Amino acid sequence: MKKSRILSVILVVAMVVTMSFGTCSIAFAGEDNSSFKPAVGERVEMYAAQNSAARIPGPVSGEINAKTILNTTYSPASYKAWPIQGGYYYLFQVNPKYTGILYLDAAVSGPYGLTIGEYVEVDGVPSYQNSMYVSGGEERTNSYGINVTAGKPCYIVVQNEFSVPMDVSLRGHIYTTGTRTLPSGTSKWTVFSGKNASGNTSTTWFKVTPQTTGTMIVSLKEFGDSYSTGYVTLYNSSKKSALSDKVYYNSSNASDRVYFGVKKGTTYYLKVTGCYGSYSDSYKLGIKYSVTARTERALGYKSNAKKLQRGADATNTLFVASTSNNTDWYKIYVSSKRTTQFNINTSGIKTGTIFVYVYRGSKQIGSKIEIKPYSNGGTYSITYGTTYGKANSGTYYIKVVKGTKANGKYSIRYVK
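Quick notes on the rules
- Residues numbered from 1 in each chain as written.
- Predicted model: local features only at pLDDT ≥ 70, side-chain atom pairs only at ≥ 80, totals over all residues.
- Heavy atoms only, no water.
- Helix = DSSP H or I, 4+ residues; strand = E, 2+ residues; numbered from the N terminus.
- Buried < 20%, exposed > 50% of the residue type's maximum accessible area, 1.4 Å probe, protein only.
- Contact = heavy atoms within 4.5 Å.
- Polar contact = N/O pair within 3.5 Å; in protein donor to acceptor, adjacent residues only side chain to side chain.
- Pairing = 2+ DSSP bridges.
- Axes fitted to C-alpha atoms, helices over the stretch in contact; angles between N-to-C directions.
- Salt bridge = Lys/Arg side-chain N within 4 Å of Asp/Glu carboxyl O.
- pLDDT = per-residue confidence, 0-100.
- 1 Å grid on protein atoms, 1.4 Å probe; cavity = no way out; pocket = protein on both sides within 12 Å on 5 of 7 lines; lining within 4 Å.
- Points joined across faces, edges and corners; volume = space filled by probe spheres on them.
- Nonpolar A, V, L, I, M, F, W, Y, C, P; charged D, E, K, R; others polar.
- Phe/Tyr/Trp six-rings, centres within 6.5 Å; stacked < 30°, edge-to-face > 60°.
- Lys NZ or Arg CZ within 6 Å of the ring centre and 35° of its normal.

1. What about the environment of S237?
By secondary structure assignment, the location of S237 is in the loop between strand 16 (228-235) and strand 17 (247-250). Accessibility expressed as a relative area gives 48% for S237, which makes it partly exposed. With 33 residues separating them in the primary sequence, S237 and L270 have C-alpha atoms 10.0 Å apart. The contact partners of S237, leaving out residues within four places of it in the chain, are T267 and Y269.

2. Points about the side chain of Q93
Tracing the sequence through the fold places Q93 in strand 5 (residues 88-94). One polar contact links Q93 to N95, side chain to side chain, over a distance of 2.7 Å. Those residues in contact with Q93 that lie beyond four places of it in its chain are V60, G62, E63, I64, P153, C154 and Y155.

3. Observations regarding the sheet that holds strand 27 (residues 378-382)
Taking strand neighbours across the sheet as the criterion, the four strands line up as 22-29-24-27 in an open arrangement whose pairing is antiparallel. Each end of this open sheet is capped by a strand with a single partner; those strands are strand 22 (315-319) and strand 27. Averaged over all adjacent pairs, the angle separating strand axes in this sheet is 25°, with direction ignored. As judged from the seven bridges shared by strand 24 (residues 340-351) and strand 29 (residues 407-414), these two strands associate in the antiparallel manner.

4. Section: the environment of P96
Along the polypeptide, P96 turns up in the loop between strand 5 and strand 6 (100-109). On the accessibility criterion, P96 (4% relative accessible area) is buried. Setting aside its immediate chain neighbours within four residues, P96 contacts V148, T149, A150, G151, K152, P153, C154 and I174.

5. Considerations on the sheet that holds strand 21 (residues 306-307)
Consider a sheet: its strands pair through backbone hydrogen bonds, and that pairing is either parallel or antiparallel. The strand order 21-23-28-25-26 describes an open sheet built from five strands, whose pairing is mixed. Pairing within the sheet leaves two strands with one partner each, and these edge strands are strand 21 and strand 26 (363-371). Pairing geometry for strand 21 and strand 23 (residues 327-334), over two bridges, is parallel. What sits directly across from K306, in strand 23, is Y330.

6. Here we look at the pattern of salt bridges
Counted according to the given criterion, the structure contains one salt bridge. Its salt-bridge partner being D105, residue R171 comes within 2.9 Å of it at the nearest N-O pair. With R171 in strand 11 (residues 166-176) and D105 in strand 6, this residue pair connects regions lying 66 residues apart in the sequence.

7. Considerations on the confidence of the model for the chain
Across the chain, the average pLDDT comes to 79, with 81% of residues at 70 or higher. Of all secondary-structure elements in the chain, the lowest mean pLDDT belongs to helix 2 (residues 48-51), at 30, while strand 14 (residues 204-208) reaches the highest, 95. Contacts of residues 1-55 to residues separated by more than four positions or lying in other chains number 109 contacts, the stretch itself having pLDDT below 50.

8. Considering the layout of surface pockets
Empty space within the largest pocket amounts to approximately 170 Å³. Around the largest pocket, the lining is made up of 11 residues, and of these E118, K152, P153, C154 and Y155 lie nearest the centre. Mapped by element, the contributors of at least two residues to the lining of the largest pocket are strand 7 (114-122), strand 9 (139-148) and strand 10 (154-160). Per element, the largest residue contribution to the lining of the largest pocket is three residues, and it comes from strand 7. Residues of the lining of the largest pocket, tallied by class, amount to seven nonpolar, two polar and two charged.

9. Focus: the packing of aromatic side chains
Enumeration according to the criterion identifies 12 aromatic pairs in this entry. Members of the aromatic cluster, each reached through a chain of ring pairs, are W205, Y235 and Y269. A cation sits over an aromatic face here: K239 above Y269, 5.2 Å from the ring centre. The ring of Y357 carries K399 above its face, with NZ or CZ at 5.7 Å from the centroid.

10. Things to note about the environment of K402
Here K402 is to be found in strand 28 (residues 394-402). Residue K402 is classed as buried on the basis of its relative accessible area of 13%. Measuring from C-alpha to C-alpha, the distance between K402 and F319 comes to 7.6 Å, with 83 residues separating the pair along the chain.

11. Observations regarding the pairing of strand 19 (residues 268-277)
The element strand 19 is extensively covered by neighbouring structure, given that eight of its 10 residues are classed as buried. Examined bridge by bridge, strand 14 and strand 19 share five bridges and lie antiparallel to one another. Note that in strand 19 the partner of W205 across the bridge is K271. Note: strand 16 against strand 19, seven bridges, orientation antiparallel. If you follow L234 over to strand 19, its bridge partner there is L270.

Here is the structure:
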């Protein structure tokens, strides 16, 4: 054996690879780590030179099926199976079409297990991270979330550290974190990930263009959990201006619902943050919305005030997010001096403040009423005349003013 060949074997023997959970470096025999690229080189036997040397193989051994889960009516990606020779690393590629979190399903057929993980380079050095060990005869699902970017390949390494061949079946599924467009008028849940690969809560944007003017109702869901919570904020079409405050959603509490006033054909964005369920490690989330049609009434002027009938059903008026009309006028007629009351129900307003004023002719009577989110409004008495608690006969006007970022729906009733 030539001297150079002996030296090469000695160098190979000295470079022992230790694979473990988490991140670890991968040694290469006779190659500059900084110049390594996944698609370059040939597969090298791991157990060459007395079971000591190893390197990541190249070119890529195959492509893993990875399907993006867009909604709840989906079929999972099919498994692809490969034979893994003893003492080898194998490199596989995933080509994500969407930005999000990639989860792997893996099944091993053989007497032993395989180590599977994400291939990365850290400061130019090939490394392993997000690794998992799959035992022989075992199937692991929804394992080790990996951040992926649309159009940017992701590489998965499979290590067979034993001397016997085994088969591995792999498939992936991606829960999106990038901006998505929500379909209109559907009962399907649009699926996304509310957490990044490290487990921290992420922010997701959804584009919506309602086909109806009315009240938008937004729902969130963490699949597999007994309850779901989160926050939703309505933004304009540029995502630069918030049209509401951050609204809390809790599936187990009927009063914690998300309502927004929206207009037909107008583009909005929903910003979703802080999603949690009954399990802290949940990641599979769903969102959907519906719109209940409401008429945007031309009540912005006193001359257009809507007359309320005494004891009649409540009249709903919508705060529409994109409208410049921030004022609604109503009028009631009191036939004789008596106790007079009206009710404002604001259970459908979760963001912003509304202000209510009462007038007799052009004169404001009583104090301004300020109703904040989650207060649900209340019943208010009109006092005008010589007897406290009663109103003289005549016509009265009720002015409802939308404060900054007030959004949703309210109802008003002429009680008595």
